[in-house]
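Structural characterization, general
Residues per chain, in single letters:
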Amino acid sequence: MQQSENGGEEATVDVQFTDLPNALIACKVSEDLFNDSALKANFEALFRPFDPEVQFQYFKSFRRIRISFGDALAAAEARLRLHKSDFNGKEMRLYFAQSVHIGSPRLEPPKPDKQFLISPPASPPVGWEQSQDATPVINYDLLCAISKLGPGDKYELHTATPTTPSVVVHVCEDERGDSSGPDDSDQEDKPRPPRPKIIQTRRPDYTPNVKQ
């Protein structure tokens, strides 16, 4: 609590330490500190005057030390006194440990916004209605034109424009001589060419493994 007088008026300012973390992080600590018990004792002795129950956690691979105090006031006072001070010939830098709020310790299920898309689907969302399929459009002119085509003929579906190509349907020629049309009755007596035989790929010869 700090009191100040300005123009005969007395103002009272309350300083709250509840939002400050109660732990400090010592960065870029000398590697000798993690192996020498005497240096550890000297390092811990610097912080015990602020809190006799202070705890230390050493992270050798990160060259950092976490100093946990009983309250945030002790942590703030220790940083104010010892930040950028000299220890074992090097400048010691202290920073407040950032607290991360994870929330619930259990993994919460996802929000049910799009769960109806999961297979198999669950209940549909509120207000969902089945959409009716549109009636298919049949182009009878196109079917009529295609039915009149003979083998080798072509039919232009879409005329070319300066920006789009033309679409042309080519009817394949009847190489087998099938009697598919009314005028193909004379082709029934013609022998059909034999079907080509499919030759299977030969399996490679077996080679025994070389014994070492």
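Here the structure is shown first, and the text comes after it.
What you see is a predicted model; the values in this text were computed from it and never measured. Residue numbers run consecutively from 1 along every chain, following the written order of its sequence. Only residues with pLDDT of 70 or above have their local features reported here, since the model is predicted, and side-chain atom pairs are shown and tallied only from 80 upward, although totals for entire chains, interfaces and linings are computed over all residues. With hydrogens and water set aside, each side-chain value is computed from the structure's full complement of heavy atoms.

1. What to know about the overall build of the chain
As a reminder of what qualifies: In this description a helix means any DSSP run of H or I spanning at least four residues, a strand means any run of E spanning at least two, and both kinds are numbered starting from the N terminus. Note on classification: 1.4 Å probe, protein chains only; a residue is buried when its accessible area is under 20% of the maximum for its type, exposed when over 50%, partly exposed between these limits. Residue contacts are defined here by distance: any two heavy atoms, one from each residue, within 4.5 Å place the two residues in contact.
What the chain contains, in helices and strands, is 4 helices and 9 strands. Shown N-terminal to C-terminal, the secondary structure of the chain runs as helices and strands in the order β-β-β-α-α-β-β-α-β-β-α-β-β. Relative to its 212 residues, the chain shows a buried fraction of 18%. By sequence separation, contacts in the chain at least 24 residues apart represent 44% of the contacts at least 6 residues apart.

2. Notes on the packing of aromatic side chains
For the record, the criterion: Ring geometry is summarised as follows: Phe, Tyr and Trp rings, the Trp one being its six-membered ring, pair when their centres sit within 6.5 Å, and such pairs are stacked at plane angles under 30 degrees, edge-to-face over 60 and tilted between the two. In our convention, an over-ring charge means Lys NZ or Arg CZ found within 6 Å of a ring centre and within 35 degrees of that ring's normal.
Inspection of every chain in the model, using the stated rule, returns 6 aromatic pairs. Taking 5.1 Å as the distance between ring centres and 55° as the angle between the ring planes, the aromatic pair formed by Phe43 and Phe47 counts as tilted. Separated by 4 residues within a single helix, Phe43 and Phe47 lie in helix H2 (residues 37-47), roughly one turn from each other. According to the relative accessible area criterion, Phe47 is buried, its value standing at 0%. Relative to Phe56, the ring of Phe47 lies with its centre 6.0 Å away and its plane at 65°, an arrangement referred to as edge-to-face. With relative accessibility at 15%, the residue Phe56 sits in the buried group. Linked through ring pairs, Phe43, Phe47, Phe56, Phe69 and Phe87 together constitute an aromatic cluster. In this arrangement the basic side chain of Lys40 is found over the ring face of Tyr58, its NZ or CZ atom lying 4.7 Å from the centre.

3. Remarks on empty space enclosed by the protein
For the record, the criterion: The pocket and cavity definitions rest on a 1 Å grid over protein atoms only: a 1.4 Å probe that fits but cannot leave marks a cavity, an open set with protein on both sides within 12 Å along at least five of seven lines marks a pocket, and residues lining either have an atom within 4 Å of a point. Grid points are joined across faces, edges and corners, and a volume is the space filled by probe spheres set on the points. Here the nonpolar group is Ala, Val, Leu, Ile, Met, Phe, Trp, Tyr, Cys and Pro; Asp, Glu, Lys and Arg are the charged ones; every other residue, Gly included, is treated as polar.
One pass over the structure, following the stated rule, counts 1 cavity of 30 Å³ or more. Roughly 130 Å³ of volume is contained in the largest cavity. For the largest cavity, the full set of lining residues is Ala26, Cys27, Lys28, Val29, Ser30, Leu33, Phe43, Phe87, Asn88, Lys90, Glu91 and Met92. Of all the elements in the fold, those that place two or more residues in the lining of the largest cavity are strand S3 (23-27) and strand S7 (90-96). With 3 residues, the top contributor of residues to the lining of the largest cavity is S7. Tallied by class, the residues present in the lining of the largest cavity amount to 7 nonpolar, 2 polar and 3 charged.

4. A closer look at H2
As a reminder of what qualifies: Here the arc refers to the directions that run from the helix axis out to each C-beta atom. By the criterion applied in these results, polar contacts are pairs of N or O atoms within 3.5 Å in which, for protein atoms, one can donate a hydrogen and the other can accept it, and in which residues neighboring in sequence qualify only through two side-chain atoms.
Listing the buried residues of H2 in full gives Leu39, Phe43, Glu44 and Phe47. Looking straight down H2, one finds that the buried residues subtend no more than 130° of arc, so they occupy a single side. With a side-chain oxygen positioned 3.0 Å from the backbone nitrogen of Ala38, the residue opening H2 is Asp36.

5. Structural notes on the nonpolar core
Note the cut-off: Joining through side-chain atoms within 4.5 Å is the link that ties buried Ala, Val, Leu, Ile, Met, Phe, Trp, Tyr and Cys residues into a set, and such a set is a nonpolar core.
One finds Phe43, Phe47, Ile65, Ile67, Phe69 and Leu94 to be the most contacted residues of the largest nonpolar core, which totals 21 residues. For this core, the secondary-structure elements that each account for two or more residues are S3, helix H1 (32-35), H2, strand S5 (64-68), helix H3 (72-82) and S7. It is H3 that provides the largest number of residues to this core, a total of 4 residues. For Leu94, the contacting residues outside a window of four places in its chain are Leu24, Ile25, Ala26, Phe47, Ile67, Ala78, Arg79, Leu82 and His83.

6. Here's the deal with a nonpolar patch on the surface
Operational definition: Only residues whose relative accessible area exceeds 30% and that take part in no salt bridge are eligible for patches, with like-charged residues grouped when within 9 Å of each other and nonpolar side chains (Val, Leu, Ile, Met, Phe, Trp, Tyr) grouped when within 5 Å. Every accessible area reported is derived by Shrake-Rupley at a probe size of 1.4 Å, with residue values counting cover from the shown protein chains alone. Whenever a carboxyl oxygen of Asp or Glu lies within 4 Å of a side-chain nitrogen of Lys or Arg, that contact is scored as a salt bridge.
Taken together, the side chains of Ile138, Tyr140 and Leu143 define a hydrophobic patch exposed on the protein surface, amounting to about 340 Å² of accessible area. Here Tyr140 is to be found in helix H4 (residues 140-147).

7. A look at the sheet that holds strand S6 (residues 85-87)
What counts here: Any two strands with at least two DSSP bridges between them are considered paired. Note on geometry: axes are C-alpha line fits, over the in-contact stretch for helices, and angles between N-to-C directions span 0 to 180 degrees.
Pairing is antiparallel in the open sheet, where 5 strands are placed in the order S4-S5-S3-S7-S6. The open sheet has two edge strands, strand S4 (55-59) and S6, and neither has a second partner. Strand-to-strand twist in this sheet, taken as the mean axis angle between neighbours without regard to direction, amounts to 30°. By the bridge criterion, 4 bridges tie S3 to S7 in an arrangement that is antiparallel. The partner of Cys27 across the bridge, within S7, is Arg93. The sheet strands contacting H2 are S3, S4, S5, S6 and S7, and the helix crosses S4 at an angle near 135°.

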